[in-house]
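Coordinates in review
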Amino acid sequence: MPRRDVGEVLLDVQDLSVDYLTLNGAVRAVSNASFTLRRGEILGLAGESGSGKSTLTTALLRLQRSPAVTVGGTVLYHGEDGSVLDLVPRTDKELRRLRWSSLAIVMQSAMDALNPVKRLGAQFVDVLREHDPRMTTKEALRRAGDLLTLSGIPRDRLDSFPHEMSGGMRQRSLISLALACDPDLVVMDEPTTAVDVVMQRTIMSQVLRLQRELGFSIIFVTHDLSLLLELSDRLAIMYAGKIVEIGPAEELYRRPRHPYTKALRDSFPPLHAPLVEMHGIPGSAPDLRNLPAGCAFADRCPEAFDLCGTQRPPLVAVGDQVDAACHLHHADREPDAAPESVKGRAA
Ligand SMILES: Nc1ncnc2c1ncn2[C@@H]1O[C@H](COP(=O)(O)OP(=O)(O)OP(=O)(O)O)[C@@H](O)[C@H]1O
């Protein structure tokens, strides 16, 4: 399990909300997301399909496409020189300067993101020279070759077209390309969904090696909690557009405070343990257009009690470095409001 020495705060996200403006009205896909990410830290973002993971990460980097609109909040980017920049109000031109060189992303459909009619080397040269026009082609190719080698890809692949490489190799090339300009943060949104499990493991161990070598921070998105546990320093769990629990990865896995975190954990086989019967989470996530008044997970929650149906629980500290949005853990909760099964468990 990775435990890195993490540095200063790199990203400070406060109350970020994102709507999809549809013909039937606005859909709040991310609601008041707040968290920080430190230099060199790996934050895993997990949650079922539709919970808002991709919307959150694209909004962080201001890469969301219409009809998605950031409707509130700040994303403070702390530069190495001590500067602090809120990414939310930045113009495209200002953001272009930061992309690749400070903030990079490897998307879900990563394997199709390489230009099919350009050799791999030329694609590196384009990216590197756009950000540093003084760099010669020779220097850019040398850097590209170094990065490919670090990813376990032979340097001579710089002469290949994407279709001449396997899926796994294309994927690793793309991750190397994202690292070309030495970014501070790389967002990886399900970067290994299209490859088999063995290749997934190979790619992930290479990502970890690159991270140790180069020191960038990662926000890693997947619905696979066991994979995230292997990778991440901290985990953030999303449900119906909200972060419902966030904290050190091992702690969340070992002792989930939110019943949704627990249900998600129990629906994935652990990577290094004997296989046991897995249970999916019964029911389905609520319609974001019609969220219940209380906790969005209440009608699927085995531990819900009266308050859960009427009041939305805020995300609050529930333990050492762990925040959760669950009435079970609110100190000011009326003990008698909980069912017998959960009495005495509240923090
Ligand atoms: N173009 C769109 N128009 C309206 N609503 C959308 C649109 N795209 C996404 N949404 C809404 O935003 C919610 C969050 O979607 P998002 O893709 O961020 O979830 P996710 O957690 O990344 O899912 P997945 O794991 O399947 O990628 C969805 O439940 C959906 O209701």
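Scope of this entry: the structure provided in the associated data block. The shown structure was predicted, so the numbers you read here are calculated from the model rather than taken from an experiment.

**A closer look at the nonpolar core**
Ala-178, Val-186, Phe-220, Leu-228 and Ile-237 are the most contacted members of the largest nonpolar core, which has 91 residues in total. Discounting residues that sit within four places of it in the chain, Ile-237 has contacts with Ala-46, Gly-47, Ile-243, Val-244, Glu-245, His-258, Tyr-260, Thr-261 and Leu-264.

**Structural notes on the sheet that holds strand 3 (residues 42–46)**
As summarised here, the arrangement of the eight strands in space is 6-7-8-3-9-10-12-11, forming an open sheet in which the pairing is mixed. Each of the sheet's edge strands pairs with one partner strand only, and the pair in question is strand 6 (103–106) and strand 11 (316–319). Taken over all neighbouring pairs, the strand axes of this sheet differ in orientation by 20° on average, direction set aside. Running at roughly 170° to strand 6, helix 5 (residues 167–178) makes contact with strand 6 and strand 7 (185–189) of the sheet. Set on the sheet, helix 9 (residues 259–266) makes contact with strand 3, strand 9 (234–239) and strand 10 (242–248); between it and strand 9 the angle comes to about 105°.

**A short note on the environment of Leu-231**
Residue placement: Leu-231 occurs in helix 7 (residues 225–231). The spatial distance from the C-alpha of Leu-231 to the C-alpha of Ile-218 is 9.8 Å, given a sequence separation of 13 residues.

**Observations regarding the pairing of strand 3**
The buried fraction of strand 3 is high, at five of five residues. Residues Ile-42, Gly-44 and Ala-46 point to one face of strand 3 and Leu-43 and Leu-45 to the other, with burial holding for every one of them. With four bridges joining them, strand 3 and strand 9 adopt parallel strand pairing. What sits directly across from Ala-46, in strand 9, is Ile-237.

**What about the sheet that holds strand 4 (residues 68–78)?**
Strand order in this open sheet of four strands is 2-1-4-5, and the pairing throughout is antiparallel. One side of each edge strand has no neighbouring strand; the edge strands of this open sheet are strand 2 (25–38) and strand 5 (84–86). On average, each strand axis in the sheet is tilted by 5° relative to the strand beside it, whichever way the strands run.

Rules and cut-offs
Residues numbered from 1 in each chain as written. Predicted model: local features only at pLDDT ≥ 70, side-chain atom pairs only at ≥ 80, totals over all residues. Core = buried A, V, L, I, M, F, W, Y, C linked by C-beta atoms within 7 Å. Buried ≥ 20, exposed ≤ 12 C-beta atoms within 10 Å, placed from the backbone. Contact = placed C-beta atoms within 7 Å. Pairing = 2+ DSSP bridges. Helix = DSSP H or I, 4+ residues; strand = E, 2+ residues; numbered from the N terminus. Axes fitted to C-alpha atoms, helices over the stretch in contact; angles between N-to-C directions.

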